[in-house]
Amino acid sequence: MKETIALLLIVAFSFTVQAQERPSDRLFEKLALKKGITMMSFSKEMLDAVNLNFEDDEKGDSNVTGDLQEVKVVIYKAPEGEEPMAFREKTLSYLPLSRYDKVEDDDPDEDVDIRIYRKGKKVYECHVLFQGETNGVLLSFFGKFKIDDVDELAEKLDSYK
């Protein structure tokens with residue numbers, strides 16, 4: 001009897017843990033194991049200390065509003081002497097269009113992909129992927145927020161690359 005109760009508790013706990021995972025968590029687990037990857041994560045406490053506003057003289061401000069919980073930055077620099085990873089394809093394979101919305105960019109010449117995960121009007125994940133010839137950067141925003149203008153945000157972040 002005790003074994004049955006213990007088994008039920010373990011099963012219930014595993015479902016609770018799985019339910020708390022974000023859709024993109026598997027992406028970060030897989031990328032962390034790849035050569036050439038540098039990953040940084042900024043917690044809510046760190047973000048509260050910084051005003052996440054991107055000023056633009058021509059267009060005004062672009063900002064992320066709402067409850068921003070975490071920002072992750074993944075930088076891929078192809079290791080010398082090794083075959084480079086298809087960073088863009090690998091990243092986007094974990095952000096499928098069946099689950100994420102693609103935000104169209106105004107400039108088709110830029111190698112920027114933006115995917116968001118939302119429920120209704122709230123955005124829970126926003127991933128901005130910049131791809132160079134071989135190297136790339138992924139910026140991921142997590143929380144419950146609205147994005148005033150995702151295209152402007154991506155343009156501004158692209159200028160910092």
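Look up a bit, the structure's there.
Keep in mind that this is a model prediction, so the values were computed, not measured.

**Details of the overall build of the protein**
Right, so step 1: Looking only at helices and strands, the protein features five helices and seven strands.
Right, so step 2: Counting from the amino terminus, the protein carries its helices and strands in the arrangement α-α-β-α-β-β-α-β-β-β-β-α.
Right, so step 3: Here the protein, with 161 residues, has 37% of them falling under the buried criterion.
Right, so step 4: Residue pairs at least 24 apart in sequence account for 61% of intrachain contacts in the protein once pairs closer than 6 positions are excluded.
Right, so step 5: Surface summary for the protein: the accessible area is close to 10,400 Å², and the carbon and sulfur share equals 51%.

**Details of the environment of K30**
Right, so step 1: Residue placement: K30 occurs in helix 2 (residues 25-31).
Right, so step 2: Taking the C-alpha atoms as reference points, K30 and K90, separated by 60 residues in sequence, lie 9.5 Å from one another.

**A look at the nonpolar core**
Generally speaking, a soluble globular protein has its nonpolar side chains buried in company with each other.
Right, so step 1: L27, L31, I37, V74, F87 and L138 are the most contacted members of the largest nonpolar core, which totals 17 residues.
Right, so step 2: Mapped onto this core, the elements with two or more residues apiece are helix 2, strand 3 (60-76), helix 4 (87-93) and strand 7 (136-147).
Right, so step 3: Per-element accounting of this core gives the leading share, three residues, to helix 2.
Right, so step 4: Contact partners of I37, with chain neighbours within four places excluded, come to L31, V74, I75, Y76, M85 and F87.
Right, so step 5: One finds I116, C126, F130 and L139 within the second-largest nonpolar core, a separate group that totals 14 residues.

**Digging into the side chain of Q131**
Right, so step 1: When you line up the elements, Q131 lands in strand 6 (residues 122-131).
Right, so step 2: At a separation of 3.3 Å, a polar atom in the side chain of Q131 contacts the main-chain amide nitrogen of R88.
Right, so step 3: A polar side-chain atom of Q131 sits 3.4 Å from the main-chain carbonyl oxygen of T134.
Right, so step 4: With sequence-adjacent residues up to four places away left out, Q131 is seen in contact with F87, R88, D111 and G136.

**Quick look at a positive patch on the surface**
Right, so step 1: A surface patch of positive charge is lined by K121, K122, K144 and K146.
Right, so step 2: The residue K144 is located in strand 7 in this model.
Right, so step 3: Here K144 falls in the partly exposed class, since its relative accessible area comes to 43%.

**What about the environment of R115?**
Right, so step 1: Within the secondary structure, R115 sits in strand 5 (residues 112-119).
Right, so step 2: Residues R115 and E125 lie 10 residues apart in sequence; the distance between their C-alpha atoms is 8.1 Å.
Right, so step 3: Residues in contact with R115, not counting those within four places in the same chain, are L92, L95, P96, L97, Y100, D101, K102, E125, C126 and H127.
Right, so step 4: A distance of 2.5 Å separates a polar atom in the side chain of R115 from the backbone oxygen of L95.

**Some thoughts on the pairing of strand 5**
The side chains of a regular strand alternate, residue by residue, between the two faces of the sheet.
Right, so step 1: Burial analysis of strand 5 places six of its eight residues in the buried class, which makes it a mostly covered element.
Right, so step 2: Relative to strand 5, strand 4 (residues 101-103) runs antiparallel, the two being bridged by three bridges. When the bridges of strand 5 are listed, V103 appears paired with I114.
Right, so step 3: Relative to strand 6, strand 5 runs antiparallel, the two sharing eight bridges. Bridging across to strand 6, R118 finds its partner in V123.
Right, so step 4: Counting the residues between successive antiparallel strands, the hairpin from strand 5 to strand 6 contains two residues, one of them, G120, with a positive phi of roughly 65°.

Each value, and the rule that gives it
- Residues numbered from 1 in each chain as written.
- Predicted model: local features only at pLDDT ≥ 70, side-chain atom pairs only at ≥ 80, totals over all residues.
- Heavy atoms only, no water.
- Helix = DSSP H or I, 4+ residues; strand = E, 2+ residues; numbered from the N terminus.
- Buried < 20%, exposed > 50% of the residue type's maximum accessible area, 1.4 Å probe, protein only.
- Contact = heavy atoms within 4.5 Å.
- Areas by Shrake-Rupley, 256 points an atom, 1.4 Å probe, with all protein chains shown as cover.
- Core = buried A, V, L, I, M, F, W, Y, C linked by side-chain atoms within 4.5 Å.
- Polar contact = N/O pair within 3.5 Å; in protein donor to acceptor, adjacent residues only side chain to side chain.
- Patch = residues over 30% accessible without salt bridge, like charges linked within 9 Å, V, L, I, M, F, W, Y side chains within 5 Å.
- Salt bridge = Lys/Arg side-chain N within 4 Å of Asp/Glu carboxyl O.
- Lys, Arg positive; Asp, Glu negative; His and termini not counted.
- Charge placed at Lys NZ, Arg CZ, Asp CG, Glu CD.
- Pairing = 2+ DSSP bridges.

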